[in-house]
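# Architecture at a glance
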Amino acid sequence: MMEKSVTPTIMGKVSKHIPDDVLFSILSKLSLKSLKRFESVCKSWSLLFENPYFMRIYQDHIIHRNHSDHDDASIILRRIVQAPRELLISLYLVYGNNFENKVKLDTSLPSQELGQKIIIVGSVSINGILCLTSMVVEDRKVVLWNPATDELKVIPPSPVESVTPFRVFLPQIHGFGYDGVRDDYKVLRYVQFGQISVLDTLARGLSDEHVAWNEISYEPLWEIYSLRSNLWRKLDIKMPTLMVSFADVEIVRFYMDGMCHWWTQTSWSDDIDEASESYLVSFDVSNEVFFTTPMPDDSFDLGLVESHLVMLNGYIALISYYGETATFYISILGEIGVKESWTKLFIVGSLSTVERPIGAGKKGNILFLTKDDELVCFDLGTQKIVELGFEGDMCQMVIYKESLLSIRGIEN
Amino acid sequence: MAEEKSQASSSKMLTLKASDGVLFEVELNIAKEMKTVQAYIDDCEDIETIPIPNVLGKHLAIVIEYIKKTNEEYDAEFEKQWNMDDLQLLLLAANYLNISGLQECLCKAIAKRIENKSPEYVRKVFNIENDHSPEEEAKLRKEYKWAFEGVDKD
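These numbers come from a predicted model, not from an experiment.

## A short note on the overall build of chain B
Regarding its fold elements, chain B presents nine helices and three strands. In sequence order, the secondary structure elements of chain B are arranged as α-β-β-α-α-β-α-α-α-α-α-α. Relative to the 2.2 N^0.38 estimate, which gives 15 Å for 154 residues, the radius of gyration of chain B is 20 Å and therefore markedly larger than a compact globule would have. The principal-axis extent of the C-alpha atoms belonging to chain B is close to 65 × 30 × 30 Å. In chain B, which comprises 154 residues, the share counted as buried stands at 44%. Pairs at least 24 residues apart make up 58% of the contacts formed inside chain B by residues separated by at least 6 positions.

## Focus on the packing of helix 4 (residues 57-69) of chain B against helix 6 (residues 84-97) of chain B
Working note: a packed helix pair is described by the angle between its axes plus the distance between those axes. All names here are of chain B. The contact between helix 4 and helix 6 brings their axes to 10 Å, and the two run at 70°. One element, helix 4, and the other, helix 6, form an angle in the roughly perpendicular class. Crossing hand, helix 4 versus helix 6: right-handed. Within the contact between the two elements, helix 4 uses K58, H59, L60, I62 and V63 and helix 6 uses D86, L89, L90, A93 and L97. When its residues are assigned to classes, the contact of helix 4 with helix 6 shows seven nonpolar, one polar and two charged.

## What to know about unusual backbone geometry
All names here are of chain A. Even without a glycine there, the phi angle at D183 is positive, about 50°. Along the chain, the position of D183 falls in the loop between strand 10 (167-179) and strand 11 (184-195). Although it is not a glycine, N313 sits at a positive phi angle of roughly 50°.

## Considering the confidence of the model for chain B
Any region with low pLDDT has predicted coordinates that should not be read closely. All names here are of chain B. Chain-level statistics for chain B give a pLDDT mean of 90 and a share of 93% at 70 or above. Considering only residues more than four positions removed or in separate chains, one finds that residues 1-8, a stretch of pLDDT under 50, has two contacts. The ipTM for the predicted assembly is 0.90, set against a pTM of 0.86.

## Details of helix 6 of chain B
All names here are of chain B. Taking 1.5 Å of rise per residue, the 14 residues of helix 6 would be expected to cover 20 Å, and the 20 Å separating its terminal C-alpha atoms lies within 8% of that figure. Within helix 6, twelve of the 14 residues are buried, which leaves the element mostly enclosed by the surrounding structure. Two or three places before D85, at the start of helix 6, stands the capping residue N83, its side-chain oxygen 3.1 Å from that residue's backbone nitrogen. The positive-phi residue at the C-terminal boundary of helix 6 is N98, with phi of around 60°.

## Things to note about the environment of A:S40
With respect to the helices and strands, A:S40 occurs in the loop between helix 2 (32-37) and helix 3 (43-46). Assessed through its relative accessible area of 1%, A:S40 is described here as buried. Between the C-alpha atom of A:S40 and that of A:E355, which follows or precedes it by 315 residues, the distance is 39 Å. Those residues in contact with A:S40 that sit more than four places away from it in its chain are B:P119, B:R123, B:N130, B:H132, B:E137, B:L140, B:R141 and B:F148.

## Notes on the interface of chain A and chain B
Listed per partner, the contact involves 35 residues of chain A and 42 residues of chain B. Carbon and sulfur atoms make up 65% of the area that chain A and chain B hide from each other, which totals about 3,400 Å². When the buried area of chain A at its contact with chain B is split by residue, A:K16, A:R37 and A:S40 rank highest and sum to 20% of it. Joining chain A to chain B, the criterion identifies two salt bridges. Two residues, B:E136 and A:K43, come together in a salt bridge whose shortest N-O distance is 3.3 Å. Remark: the boundary between chain A and chain B carries twelve residue pairs in polar contact (both at pLDDT 80 or more). When contributions to the side of chain A that touches chain B are tallied by element, the ones reaching two or more residues are helix 1 (20-27), helix 2 and helix 3 of chain A. When the residues that make up the side of chain A that touches chain B are grouped by side-chain class, the tally is 13 nonpolar, twelve polar and ten charged.

## Overview of the nonpolar core
Among the nonpolar cores identified, the biggest contains 86 residues, and B:V37 and B:F126 are the most heavily contacted of them. It is helix 6 of chain B that contributes the most residues to this core, nine residues altogether. When sequence neighbours within four positions are dropped, the list of residues in contact with B:F126 reads A:I18, A:L23, A:I26, A:W45, B:Q88, B:I110 and B:I114.

## Topic: the packing of helix 1 of chain A against helix 7 (residues 100-114) of chain B
One way to put it is that helix 1 of chain A packs onto helix 7 of chain B with a least axis distance of 8 Å and a crossing angle of 60°. Put simply, helix 1 of chain A runs oblique to helix 7 of chain B. As helix 1 of chain A runs across helix 7 of chain B, the sense of the crossing is right-handed. Contacts between helix 1 of chain A and helix 7 of chain B involve A:V22, A:S25 and A:I26 from the former and B:C107, B:I110, B:A111 and B:I114 from the latter. Of the residues that constitute the contact of helix 1 of chain A with helix 7 of chain B, the class distribution is six nonpolar, one polar and no charged.

## Let's talk about a negative patch on the surface
All names here are of chain B. Where like charges cluster on the molecular surface, the negative patch consists of D42, D43, E45, D46 and E48. Mapped onto the elements, D42 comes out in helix 3 (residues 35-43). A relative accessible area of 52% means that D42 is categorised as exposed.

## Overview of the packing of aromatic side chains
Considering all chains together, one arrives at 20 aromatic pairs over all chains under this definition. Seen from their ring centres, A:Y321 and A:F328 are 4.6 Å apart, and the 35° between their planes marks the pair as tilted. Through pairs of rings, three or more aromatic residues link up here, namely A:F24, A:F49, A:Y53, A:F54 and A:Y58. Directly above the ring of A:F193 sits A:R167, whose terminal nitrogen or CZ lies 3.6 Å from the centroid. It is B:K117 that lies over the ring of B:Y121; its NZ or CZ is 5.3 Å from the centre.

## Overview of the sheet that holds strand 13 (residues 231-235) of chain A
All names here are of chain A. Reading across from one edge, 10-11-12-13 is the order of the four strands in this open sheet, with antiparallel pairing throughout. Pairing within the sheet leaves two strands with one partner each, and these edge strands are strand 10 and strand 13. When strand polarity is set aside, the average angle formed by the axes of neighbouring strands in this sheet is 30°. Bridge count between strand 12 (residues 221-226) and strand 13: five bridges; the pairing is antiparallel. The partner of Y225 across the bridge, within strand 13, is W232.

## Topic: the pairing of strand 2 (residues 23-27) of chain B
Residue and element names in this part refer to chain B. Residues F24 and V26 point to one face of strand 2 and are all buried, whereas L23, E25 and E27, pointing to the other face, are not buried. Two elements, strand 1 (residues 13-17) and strand 2, share five bridges in a ladder whose sense is antiparallel. Looking across to strand 2, one finds that K17 is bridged to L23.

Each value, and the rule that gives it
Residues numbered from 1 in each chain as written. Chains lettered and ligands numbered in written order. Predicted model: local features only at pLDDT ≥ 70, side-chain atom pairs only at ≥ 80, totals over all residues. Heavy atoms only, no water. Helix = DSSP H or I, 4+ residues; strand = E, 2+ residues; numbered from the N terminus. Rg over C-alpha atoms; globule rule 2.2 N^0.38 Å. Buried < 20%, exposed > 50% of the residue type's maximum accessible area, 1.4 Å probe, protein only. Contact = heavy atoms within 4.5 Å. Axes fitted to C-alpha atoms, helices over the stretch in contact; angles between N-to-C directions. Parallel < 35°, antiparallel > 145°, perpendicular 65-115°, else oblique. Left-handed = near helix turned anticlockwise from the far one by under 90°. Nonpolar A, V, L, I, M, F, W, Y, C, P; charged D, E, K, R; others polar. pLDDT = per-residue confidence, 0-100. Expected span 1.5 Å × (residues − 1). Polar contact = N/O pair within 3.5 Å; in protein donor to acceptor, adjacent residues only side chain to side chain. Buried area = accessible area lost by both parts, 1.4 Å probe. Salt bridge = Lys/Arg side-chain N within 4 Å of Asp/Glu carboxyl O. Core = buried A, V, L, I, M, F, W, Y, C linked by side-chain atoms within 4.5 Å. Patch = residues over 30% accessible without salt bridge, like charges linked within 9 Å, V, L, I, M, F, W, Y side chains within 5 Å. Areas by Shrake-Rupley, 256 points an atom, 1.4 Å probe, with all protein chains shown as cover. Lys, Arg positive; Asp, Glu negative; His and termini not counted. Charge placed at Lys NZ, Arg CZ, Asp CG, Glu CD. Phe/Tyr/Trp six-rings, centres within 6.5 Å; stacked < 30°, edge-to-face > 60°. Lys NZ or Arg CZ within 6 Å of the ring centre and 35° of its normal. Pairing = 2+ DSSP bridges.

Following this line, the structure appears as structure tokens:
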């Protein structure tokens with residue numbers, strides 16, 4: 001424990017020397033970028049990250065700092081349970097410091113519009129609005145929904161969908177975000193086209209005579225929907241697309257501070273020596289430009305390390321699980337686009353029962369799925385695990401802040 | 001544990017004497033927000049004048065005003081009035097007097113003011129001597145090149 005030094009005085013004058021414990025309180029409130037820059041200030045500052053006393057204060061700050069997304073927010077958990085002949089989707093509102101209170105949401109889920117395999121786009125509600133779609137790519141509908149008012153808006157189809165019935169429309173939503181400059185809500189998606197099969201042609205009663213096959217374009221494209229204009233618009237941009245992990249279980253799509261983030265991986269080549277690279281892609285919703293941030297080198301070593309992205313209290317964080325030692329490391333991204341700025345800040349030992357994180361709430365509470373498909377809450381501050389008594393398989397978690405905002409009111 | 005402020009205790013006045021001799025008469029309630037003063041009172045019950053040897057009169061005045069007026073709105077505007085030197089001296093005062101709310105407010109304010117600045121600027125602010133060798137400093141600047149982009153010019 002550092003000693004508090006008393007400021008010496010000489011004849012009523014006070015010295016300005018700031019003792020270490022006070023200095024650390026100031027420094028702990030700085031961004032990672034500034035802290036790294038200030039390592040150049042002097043020798044002792046270059047050793048800050050090796051100083052356990054400073055690290056404890058800094059970790060504390062990260063855990064307890066309040067990102068506005070978490071103000072008065074609770075969590076919505078989407079659960080899918082396999083029943084004998086159907087999938088049962090339910091939404092739960094979960095609140096309380098350790099997620100101890102669960103209330104099943106009675107509001108009508110848009111299953112009519114979207115089918116059973118509903119998925120929430122992103123990781124937060126935006127001004128109380130959620131964007132939902134179906135996990136089945138061919139069920140292309142997208143809706144905007146306010147659970148508090150039960151207002152539902154089905155996003156109109158894009159002109160691109162009806163150019164010709166002879167190609168299959170395969171959209172993949174990449175993000176739902178807010179444009180602060182135009183006060184607009186946007187949905188970003190990547191559209192691929194497939195060739196319609198002969199069977200489909202027959203099944204749909206289409207005649208393929210007189211079809212100019214060589215005029216049909218199968219070029220994929222990016223498009224963006226704006227709520228204000230209620231239109232889809234093609235984007236002239238080339239971005240890496242979302243990597244969907246096995247069985248749609250983990251689709252990494254986040255929204256934070258005006259940016260839509262998703263995880264991608266360049267494809268494996270046939271050459272075993274050429275490793276695939278993992279990236280975070282960040283799309284600026286207002287300016288409609290994107291950035292890529294490579295993952296740190298040791299984050300995806302096949303078989304040894306497994307990494308997952310979460311939004312942790314306003315930071316982009318990577319939770320890396322080292323199977324051999326059952327330890328977790330949490331790294332924070334210092335600057336989007338800069339691979340070197342991933343900084344390991346937390347080491348959590350011996351969480352052998354957990355498998356992967358679902359998301360993080362306020363105060364460094366991270367929801368994990370255990371190997372037994374149960375949900376637990378891990379408190380990063382106390383490093384304690386609390387069982388939630390809840391099956392977590394196929395669970396999705398979204399930070400939710402209720403609002404009575406009218407969707408129709410934004411549309412012109 | 002909520003303290004019930006009885007009429008009797010809230011009307012008791014205390015005198016605080018700053019390092020330059022300036023005297024401040026404050027209500028007991030206000031003085032108690034300074035945990036250092038509280039400890040003093042706990043030790044010597046009958047004391048009427050408490051010496052505050054580390055804090056100048058002008059800063060003690062600001063601290064007392066803060067305690068009286070603190071709320072979310074006041075705190076947001078509070079730090080804007082003071083220059084960097086005063087902010088640091090106020091922080092030292094808040095630290096000595098052990099007023100956690102004010103310490104937090106001032107730490108945030110100082111951090112905000114150095115957030116996008118250069119290492120040279122920060123050295124001046126805290127009166128720190130650069131004890132890196134030129135090679136060490138060059139190495140750090142190279143290693144953290146990304147952290148030097150977009151920094152405010154001094």
